[in-house]
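Understanding the architecture of this molecule
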Amino acid sequence: MNTECKPEQLEFQSLGRREVMGRFDGGRITSDGGGLLLREVDRHIGLLDRLAACFTDHRNPESIEHSVR
């Protein structure tokens, strides 16, 4: 089944002064795009909070440096 839905580019929130976009024309390619995509998903649906809610933290609260989130 063929699909006609082929966006030329995806625009993400800027990273500092840099404009961030995903393009599918085979231009300059980076492997860092996955992190940017996850950031956008997190901002739209609260991914990190939803994942953190799946865990019960049994650690001693006085010894914790980093939250589950």
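Report follows, based on the coordinates.

Conventions and cut-offs
- Residues numbered from 1 in each chain as written.
- Predicted model: local features only at pLDDT ≥ 70, side-chain atom pairs only at ≥ 80, totals over all residues.
- Heavy atoms only, no water.
- Pairing = 2+ DSSP bridges.
- Helix = DSSP H or I, 4+ residues; strand = E, 2+ residues; numbered from the N terminus.
- Salt bridge = Lys/Arg side-chain N within 4 Å of Asp/Glu carboxyl O.
- Buried < 20%, exposed > 50% of the residue type's maximum accessible area, 1.4 Å probe, protein only.
- Contact = heavy atoms within 4.5 Å.
- Polar contact = N/O pair within 3.5 Å; in protein donor to acceptor, adjacent residues only side chain to side chain.

**Some points on the pairing of strand β1 (residues 9-15)**
For β1 and strand β2 (residues 18-23), the ladder comprises five bridges, and the chain directions are antiparallel. Note that in β2 the partner of Q9 across the bridge is R23.

**Topic: the pattern of salt bridges**
Across all of its chains, the model carries four salt bridges by this definition. Linking E40 and R39 is a salt bridge whose minimum nitrogen-to-oxygen distance equals 3.4 Å. Residue E40 is classed as buried on the basis of its relative accessible area of 11%. Note on R39: relative accessible area 18%, which makes it buried. By sharing partners, the salt bridges in this structure join D42, D49 and R69 into a single network.

**Quick look at the environment of R69**
Relative to the elements of secondary structure, R69 occurs in the segment after α2 (47-52). Contact partners of R69, with chain neighbours within four places excluded, come to D42, L48, D49 and A52. Side-chain polar atoms of R69 contact the side chain of D49, separated by 2.6 Å.

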